[in-house]
Amino acid sequence: MSVKLSKRLSSKKIKLPKDNVQGEILQKLGLEAYISAPLDSVSMLDISTWTLEDKAPLQLKDLPLAFLQRLWLLRQDARSPCCHPQHDIPKDDNKSPEEKINGVEDKTQCAINSLDLVTSVFISANTFLQQEIMVHMMQCQFAVPLVLPNIDPEEPSRFLLWPLRGVLGQWRSHSQDQNRRVQEGNLASTSMPIVSCIKLGRCGVSKSRVLNYVLNGPQSHSETFVHRGMDGGELPRRLSNGLVELGWYLPTGEINRDIFPFPMIISNLRGDSSTHEKSLKLLCQASSAVIVFCGDLREKEKHLLLSCKDIASMLILIDLSDKERKESSVVGFVEQNLKECIGLPEGSVLSGSTLSEEEVANKLGEILKGLLPDQLKSVTLEAAAKLALEIGLSVDEGPECKKAMSKVEEVLKGLGEGPAKFQMNQLPLQGPLWSKLAEIDKEESKQKKEGQEVDPQLQKEKKDILAQLSSYKMTPAMKSFTDALFTTDKIERTYFLTWLKMRLHQMQTKTQNSLQESITMLQTEEENAPNEHFDTPENGVRDSITDSDSFCTDSSIEEEAQQFSINGEFQDSGQHCEAVEEFILQSSNNTTELNNDDKAEPLESRHDPVTEEESHVASTEKEAEGAEMSEKGVCLEEQVSHQISKDQSSQLDSEESGTLNEEKRLDQPELTCVRPDSVPPAKPQTCREALFEDQVASKSQFPELHPDSLGLEHFMREMGLIFELTHVSPGSGNQNVLGLPSLATDLLLYGVPLELMDGNASNIPMCWLGCVFAELKRRLPQEELRTRVLTNLGVYHARNAEVLSAVFGVKFPERRGGVNKGVHMVALRLPDDLRKELECDFLLLIDVEGLCSVPADNSKNTLTHDNEMATFAAGLSDVLMHNISPFSDEFETIFTVTVNALLRTKERGSLPICQLLIQDEGINSILQASQLRHVSKMLQTATEERGNVDNHYLKTTTCTTCVKGPWSIMSLYEPVDAQYSESVLKLKGNLFGALKMCADKSKSLDLPEFMGRLCAVWDAVKSDSFSIGLQNTEIALAFSLLCTEFSKWEGIFLESIESWLKRASDKIFETKAKALHNSDQSDLLIELKKEAQEEVKLEVKKVISKGEAYLVRDDLHKINVQTFRPILMRNIDNLANRVTEELIQKLDIINESHCSLAQLKNFENLLEEKQESKLLALVQTSKATKILLQDAELEEEFEDVWSKTLSNFDFRPSETDDITSRVRDVLIQNLTSRGLLKHMKKLDSFGQIQTSSFQVADEYFGYRSRLKHMFEDNNKQQRLEAQQVASKMIDEYNQFVKDKSSLTADFSDSYIVELLEKIEKAVKEKSMEIRTAFEVDLKIYLCNAACQDFQKLHNRFAKDRELLACISASKIKYLAQFIYQFRKRDQCQRVAQAFTFLVIKPTVLDYINSRLGLHIVEDIKNQVKQFQSPQAFQKSLLEELINEDCFESFVKYLLSYDDFRVRKIQETVVAHLSESSSLGKWRQQGLGEIIGKIAAAVSQITEGTNGVLSDTKPLLETVCLILKRDADVEVNKALLNGPFFSITTEWHCFVKCLMELLATLRLELVQEFSQDADISQILYCLPVQPQDYLLLRVSGCNKRCPLCRAPCEEEEPDHEIHKALLHRPKGTLPYGSHSPSHTSFPDSMNQGKNNNAQDISVTCKDLNSLHPDWSSFSDDPDSQKGGDYWRYVLVRFNERFAEEFQHEPEKIPQEWKEITQEKALDSLREVFPTKESC
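Note that the structure is predicted; figures quoted are calculated from it, not measured. (Residues numbered from 1 in each chain as written. Predicted model: local features only at pLDDT ≥ 70, side-chain atom pairs only at ≥ 80, totals over all residues. Heavy atoms only, no water.)

A. Region of interest: the overall build of the protein. Counting secondary structure elements, the protein contains 60 helices and 22 strands. Residue burial in the protein is summarised as follows: out of 1734 residues, 54% are buried. Once local pairs closer than 6 in sequence are excluded, the contacts in the protein between residues at least 24 apart make up 81%. Entry remark: accessible area of the protein is about 77800 Å², with carbon and sulfur atoms responsible for 48%. (Helix = DSSP H or I, 4+ residues; strand = E, 2+ residues; numbered from the N terminus. Buried < 20%, exposed > 50% of the residue type's maximum accessible area, 1.4 Å probe, protein only. Contact = heavy atoms within 4.5 Å. Areas by Shrake-Rupley, 256 points an atom, 1.4 Å probe, with all protein chains shown as cover.)

This is the structure in structure tokens:
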């Protein structure tokens, strides 16, 4: 965990440039404040650690926090800029442009580019947080920034080297040998090829998507680089232009899986390369190859391309130009002349304009494969940083960083000789003397516990060891280490600690890689395989550790001399000692006072300014405090019988004074810590120093360390032992160590773990811890000392540190190749909300590392040390997380240690809540978790007080969570598990849930109490004061088997009880069904409860017998029977009590639920009955008014039904409470607030029944008021006004009670509050000179009345409260059902109505009309003679014309013969129907027939559909088909198409509506048919027109005379010769109508008859030859029958014909003029004789 930035860094305010787009984005994201005070690693506590759920961002300002939260959870959507605004928030569409980003409003889903979001967070974070962000981005396989653009365009971009130093990776390169080794390295200092990608010109291909395909393959879902196809990637970039990103490819060694055989880096320059010349120049100089995505280039870009060629090691062009525009572009000639111009080699130009992005990536990948590894140079990012400085970019590693790096190199001098030798020389206190001293202390404790005297030999050995330790002098490495930590610059200190860890890991990785390479070479040499070894350039990877070393030592840094001088305030060491002794004594007292249920609470580290100022250790005040803490530690040693004599103290002073700086003042005799540069470089060793080193060398050598074993924790442990040595062996030290506890406290508060126990030596530096906790207590506010402890317990390869880092963001020492055993602690300060919830201020996280590991020396005490560590950690814990490793093959050992620790902790009376973490779902992990869950549950039950076990607590205590990594830094580039984020949040939720249980279970401990518990637990561990010995390995397995057996017994027991409960339940239901009396039901329940207790006792006896038999089954259990029996009996007792209690509760619930269900059913029946009547009425109303009721109207109707149902329903009586006290309390509160306390005595009689009405008394008026009105009306007016106010208020009260009682709600105190406010308002409105006693009495009077009135309301709602609550909760459902039923019925009514009037009615009318036409035709044929034949019809027409004597009619007849006769037929039909009564009869008859057929069709599909929900549309279609099939009635089914007729309803209800509507339709049509109708309209609607049939009958063959257009009157149906019986004279036709003249008319009236005969004869002969299909035309004009008819007509209208046809009047012979109308009619009769005449 990084250190928070020093305040001095934020003293200079950095203002955003005005009109700066980049600054506006930071403001929109809410990050402008972090420009001057950047986010740091500690900020992640608030952002991530305490976040228990994944909340979607609602607005832009939530995006940065969401990005960090998701990134820490390793989610693939971490970079998503999508917001999910709440839709219920009113939207403001009138937002100003300032409230939008790039024209996109805040409510838009993606309002910012993803790269802008990432860049903004990096700009707002300090370098240490940037490093952690990069590590997490690397785990997510995201690209990370290399060059970060500045928010001020005038300032250079920043090269991020320091964050990249923390990025580690693992890979396995391909090679010819069979032993390819896994390499691990720092990706900033590891040499590998860098391929940089830029874009010139515009092109449609996404460069980033192509690079993703290159890195991950087209089938991968990993998106290393953000591209336009991702969320937010399509939006324009505003802040990230100029950003250079890095993406790594790390091969796994699997040929079929890997894309490239060697690791490589791909960098990506964002934006237009021509506008970021420095970044482009850096990439060209530092890269192994530069890939240019060329679009349509301009001249400027061509020159830029040429410059890139000059400085780049290798240039690869990808031609992506537009072919249509290629002629006018530079790229169009790339392959021809530009390639030659810039001297590109063959294969350096890739044409990709016609290729897809995937195809471009494939070709580019093939090119890169061909270049790896020989043709691409390897580069380190460290070297690139140096180039960046030369180019003009800024590098983030400033003077503080360089200074810290140089100090690290000084500390690690000599590490090259090997970790073991370095530890022996520079960290000697962790050697065998410390371990031996621990063994002696434990042996002494055991002897004291047993009441024996301490063995003199042990005392002698201890004295010898202390004598040897007394010669210790702080080594150069530790001196440099502590001096570096004592710096006043917190940034420098953080750089120092971080670089020290990275440098150690870097050097150890180099050693490990070299060792593996040597082994590989040895193996290959033995196999004599050709080309067995390939050097680093072939491998493509070169470690640049040497470069890193030189890089750190190039700068010369002047170190500042720092001294820890002791102030005069601390010369009185006696007072100082007393202060420390008081804290330790307090801790010891707390130890003895701890109860068995006490638990320690967790601590949390959070930055606060006070702590930062207190940690300024270079100040004189802090030096003095350090001295005070050291002297307190001296007093602590006096407590543990290590006295420091005055001689020893003086000797210590004299020895230390020899190392002091020469400039030390004489008035400061105390010890000071000397800086490295103040120590003479060639100071000879003193005798005591030589003696110490010789003694150390003479002892057993240091355990040989693994190459990866040395870490920061070793230096921190040595620092604690230096301080411990000062107290254990007075006079042993020669350095001032008084400030070390203060320094450790400072580091603890900043997240550096504090080692509680040295697991290798199995020892605890108690004085050191006591002083550190005392300093911690001094620094913190006294009210913020409550703690809870959460411990992670797992074996050495369970990745304990990584788990805690993933969940809480803390940094514990991580497991490497070798294991450093120890118990470490981090303190986290809780946020305010969690403090209240968890009832503590600090969460102390404890990590146990190295458990069950085998040291290099195969020490015999390994198992004992493991048991001691596990017992110690479990004894301190409130919550214990068992981290189960998926790689463990030593289940028995691990399980034994864990169970033994729990058993010993339980023996002390307190047991932590256990949580289980498995890292896979394999069978081994699941079995281990199952076993541990049984053990923890059984022990937890046995630990609880009898009768005080929360069943819910027991069920939820032990939770198992599966979280599948990645825990390691990068495990061969494996993708993150998709469920990882959810699993981590679930695990965190379970852990905090357990901590909340602790808050309910026990009180938290403050720091002194925690220290007391630590001392007590360690004392118990040292003395082995447990019934289960630390070396006992059998009892754990035996107890585990017992837990498993008990779990089986419990399962059988619960199955038997469940079977009995089912039988009892059936009996209750049977009894209820018989409706027995209430007393019988109650007696049955009592009987069943007694039977339940007996049943439990019987089953418990069976379990006890099984347990007793199991405990004496074999020798192992017999030995431990005294330990196991109490635990087993307690669990059995708890099981019996718990099951008995649950059984009785379930019986009550079953009985009550059955009664409630019956009551609910009755209520629903009553409600359904009232709803049914209301629905019928509403449907009828809707049908009658044809108005659709709205939901609001239906809700009102339902409320009426609901109120009546509730008031009429008979609830079961239940207990009620009196509301008088509640009313009285509200009244007292009101009078108090009104300042009317003097009237409180009037409430003594409150609640009594009032028998009289309210009367106004004289005491309500003041003396002066009464005196004033005495002589006027004896105060009557005043009293009258007051009485009116009271009466009016009483009336309002009555209405108020009525309104409240009508509501479906119980009485509420707010009713009285509202009533009192009404009274105050009424008194205030009436201006009266009256005392407050009037208001008080009126309030008391009405409140008394309210007690009685509202008590009735309360009693009503107090009946069966649960049932009422259930009914009220379902009111919305009932309302919805009511509205639904109405809508369905109304819809059913409307659909039936629509079907009736849209489908049925037209069908009925069509059926009637289809037959009506034929009826009319037959009737007219039978009754009208003129329609007997065509000649009869022609005769009737001519007779009618001559009788009418109308010229116009003759003209219409002659010119429009067809229309004329049709009109005459229609007039005849209308006249006939008007006179006849048959039309109504025919229509009535057809109506009856069709309605009957429809009813029959509907009835055929009604059977069996009662109460069945059906879709109406197919049923209606079936009705139509039945009508077609059985009644031959055609129905237009097309009208049924669409959703309107497709409703789901009860078919019988629909049929009922339909039948009613059919009856209504019949009545309407009958009434319509009985009324006078328009005959013409009726005929118009007929499908069969009568006039058409009649016309067809009388029309004949429809041939016309070619001369006069007279119709053919031949009646034979198949005649061939046409004949017109009555030709028309020429004058009756217009000229030009026909060619030859008509034979019946003479050419000239002046010529005689005989003279014309010859000409006429010739003409007729010609006509016969022209028209042979007509009968021969007569030569004699007089030979035509009926000729007198037309002669009469011509004579009658000759002038009119001439005028009409526009010709001269015809010359008419005299004999024509003599023809009368009668003769004309007679001629007709001759031509058309009737049947009678014939």
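B. Representation of the pattern of salt bridges in the model. Throughout the structure, instances matching the rule amount to 53 salt bridges. One salt bridge in this structure joins Arg-75 and Asp-77, with 2.4 Å as the shortest N-O distance. Given the relative accessible area of 17%, Arg-75 is considered buried. Lys-442 is the salt-bridge partner of Glu-868, the closest N and O atoms lying 2.7 Å from each other. (Salt bridge = Lys/Arg side-chain N within 4 Å of Asp/Glu carboxyl O.)

C. Local environment of the state of the cysteines. Here the structure, examined in full by the defined rule, presents 0 disulfides. With no disulfide partner, Cys-1347 has as its closest neighbouring cysteine sulfur the one in Cys-1343, 7.0 Å distant. (Disulfide = S-S within 2.5 Å.)

D. Region of interest: unusual backbone geometry. Note that the residue after Leu-372, namely Pro-373, is joined by a cis bond; omega there is -5°. Within the fold, Pro-373 resides in the loop between helix H11 (357-371) and strand S11 (378-379). If you check the backbone angles, Gln-1702 has positive phi at about 60° while not being a glycine. Relative to the assigned elements, Gln-1702 resides in the loop between helix H58 (1683-1701) and helix H59 (1710-1713).

E. Highlighting the environment of Leu-412. Turning to its location among the elements, Leu-412 is positioned in the loop between helix H13 (399-411) and helix H14 (419-426). Placed 91 residues apart in sequence, Leu-412 and Arg-503 show a C-alpha to C-alpha distance of 8.9 Å. When neighbours within four sequence positions are excluded, Leu-412 is seen to be in contact with Phe-422, Leu-500, Arg-503, Leu-504, Met-507 and Phe-715.

F. The arrangement of the packing of helix H49 (residues 1430-1444) against H58 in detail. Here H49 crosses H58 at 30°, and the two axes come no closer than 12 Å. Here H49 lies roughly parallel to H58, going by the angle between them. For the crossing formed where H49 meets H58, the hand is left-handed. Of the residues in H58, those in contact with Leu-1438, Glu-1439, Leu-1441 and Ile-1442 of H49 are Tyr-1685, Trp-1686 and Tyr-1688. Of the residues assigned to the contact of H49 with H58, the class counts are 6 nonpolar, no polar and 1 charged. (Axes fitted to C-alpha atoms, helices over the stretch in contact; angles between N-to-C directions. Parallel < 35°, antiparallel > 145°, perpendicular 65-115°, else oblique. Left-handed = near helix turned anticlockwise from the far one by under 90°. Nonpolar A, V, L, I, M, F, W, Y, C, P; charged D, E, K, R; others polar.)

G. Examining the nonpolar core more closely. Among the nonpolar cores identified, the biggest contains 151 residues, and Phe-481, Phe-496, Phe-715, Met-719, Leu-756, Phe-872 and Phe-1039 are the most heavily contacted of them. Among the elements that take part in this core, helix H37 (residues 1034-1073) stands out by supplying 14 residues, more than any other. Ignoring any residue separated from it by four or fewer positions in sequence, one finds Phe-1039 in contact with Val-899, Leu-903, Val-935, Leu-939, Phe-1124 and Ile-1127. Judged by nonpolar contacts, the second largest core, of 122 residues, contains Cys-294, Leu-317, Leu-828 and Leu-843. (Core = buried A, V, L, I, M, F, W, Y, C linked by side-chain atoms within 4.5 Å.)

H. Structural context of the pairing of strand S15 (residues 787-795). The buried fraction of S15 is high, at 9 of 9 residues. Both faces of S15 are covered, namely the face carrying Thr-787, Val-789, Thr-791, Leu-793 and Val-795 and the face carrying Arg-788, Leu-790, Asn-792 and Gly-794. Sheet topology note: the S15/strand S17 (residues 842-851) ladder contains 8 bridges and is parallel. Residue pairing in the sheet places Thr-791 in a bridge with Ile-846 of S17. Sheet topology places S15 next to strand S18 (residues 879-884); 5 bridges connect them, and they run parallel. Bridge pairing in S18 places Gly-794 opposite Asn-883. (Pairing = 2+ DSSP bridges.)

I. A look at the environment of Arg-228. Relative to the elements of secondary structure, Arg-228 occurs in the loop between helix H7 (207-216) and strand S6 (244-249). Arg-228 sits in the partly exposed class, given a relative accessible area of 38%. Sequence-wise, Arg-228 and Asn-113 are 115 residues apart; in three dimensions their C-alpha atoms are separated by 9.4 Å. Excluding anything up to four places from it in sequence, Arg-228 contacts Lys-199, Cys-203, Gly-204, Val-205, Ser-206, Arg-209, Gly-233 and Glu-234. Among the polar contacts listed, one links the side chain of Arg-228 to the backbone oxygen of Gly-204, at a separation of 3.1 Å. (Polar contact = N/O pair within 3.5 Å; in protein donor to acceptor, adjacent residues only side chain to side chain.)

J. Looking closely at the environment of Ile-1086. Within the secondary structure layout, Ile-1086 lies in helix H38 (residues 1078-1111). A sequence separation of 62 residues divides Ile-1086 from Asp-1148, and the C-alpha atoms of the two residues are 9.9 Å apart.

K. Summary view of the sheet that holds S17. Ordered in space as S14-S16-S17-S15-S18-S19-S20, the 7 strands form an open sheet in which the pairing is mixed. Every interior strand has two partners, whereas the edge strands, strand S14 (754-758) and strand S20 (960-962), have only one. Averaged over all adjacent pairs, the angle separating strand axes in this sheet is 20°, with direction ignored. The sheet contact formed by strand S19 (residues 913-918) and S20 spans 3 bridges and is parallel.

L. The packing of aromatic side chains, seen in detail. One pass over the full model with this rule turns up 32 aromatic pairs. When the centroid spacing of 6.3 Å and the interplanar angle of 85° are considered together, the rings of Phe-872 and Trp-1018 count as edge-to-face. Taken together, the residues Phe-872 in helix H31 (residues 862-876) and Trp-1018 in helix H36 (residues 1007-1023) connect sequence positions 146 residues apart. Residue classification places Phe-872 among the buried positions, given a relative accessible area of 0%. The exposure class assigned to Trp-1018 is buried, which follows from its relative accessible area of 2%. (Phe/Tyr/Trp six-rings, centres within 6.5 Å; stacked < 30°, edge-to-face > 60°.)

M. The confidence of the model for the protein, seen in detail. A residue-level look at the protein finds 75% of positions with pLDDT of 70 or above and a mean pLDDT of 76. When the criterion is pLDDT under 50, residues 1-13 qualifies, and its contacts beyond four places in sequence or with other chains add up to 45 contacts. When the criterion is pLDDT under 50, residues 946-956 qualifies, and its contacts beyond four places in sequence or with other chains add up to 18 contacts. (pLDDT = per-residue confidence, 0-100.)

N. Geometry of a negative patch on the surface. On the surface, Glu-1611, Glu-1612, Asp-1614 and Glu-1616 cluster together to form a negatively charged patch. Here Glu-1612 is to be found in the loop between helix H56 (1586-1594) and helix H57 (1653-1666). (Patch = residues over 30% accessible without salt bridge, like charges linked within 9 Å, V, L, I, M, F, W, Y side chains within 5 Å. Lys, Arg positive; Asp, Glu negative; His and termini not counted. Charge placed at Lys NZ, Arg CZ, Asp CG, Glu CD.)

O. Up close: the packing of helix H44 (residues 1276-1302) against helix H45 (residues 1309-1325). Between H44 and H45, the least distance of the axes is 11 Å, while the angle of their chain directions is 155°. With respect to H45, the element H44 is oriented roughly antiparallel. Handedness of the crossing formed by H44 with H45: right-handed. Between H44 and H45, the contacting residues are Val-1285, Met-1289, Tyr-1293, Phe-1296 and Lys-1300 on the first element and Tyr-1311, Glu-1314, Leu-1315, Lys-1318, Ile-1319 and Ala-1322 on the second. Residue classes in the contact of H44 with H45 are distributed as 8 nonpolar, no polar and 3 charged.

P. Representation of helix H29 (residues 800-808) within the structure. Burial runs high along H29: 9 of the 9 residues are buried. Burial in H29 covers these residues: Asn-800, Ala-801, Glu-802, Val-803, Leu-804, Ser-805, Ala-806, Val-807 and Phe-808. At the C-terminal side of H29, Gly-809 shows a positive phi close to 75°.

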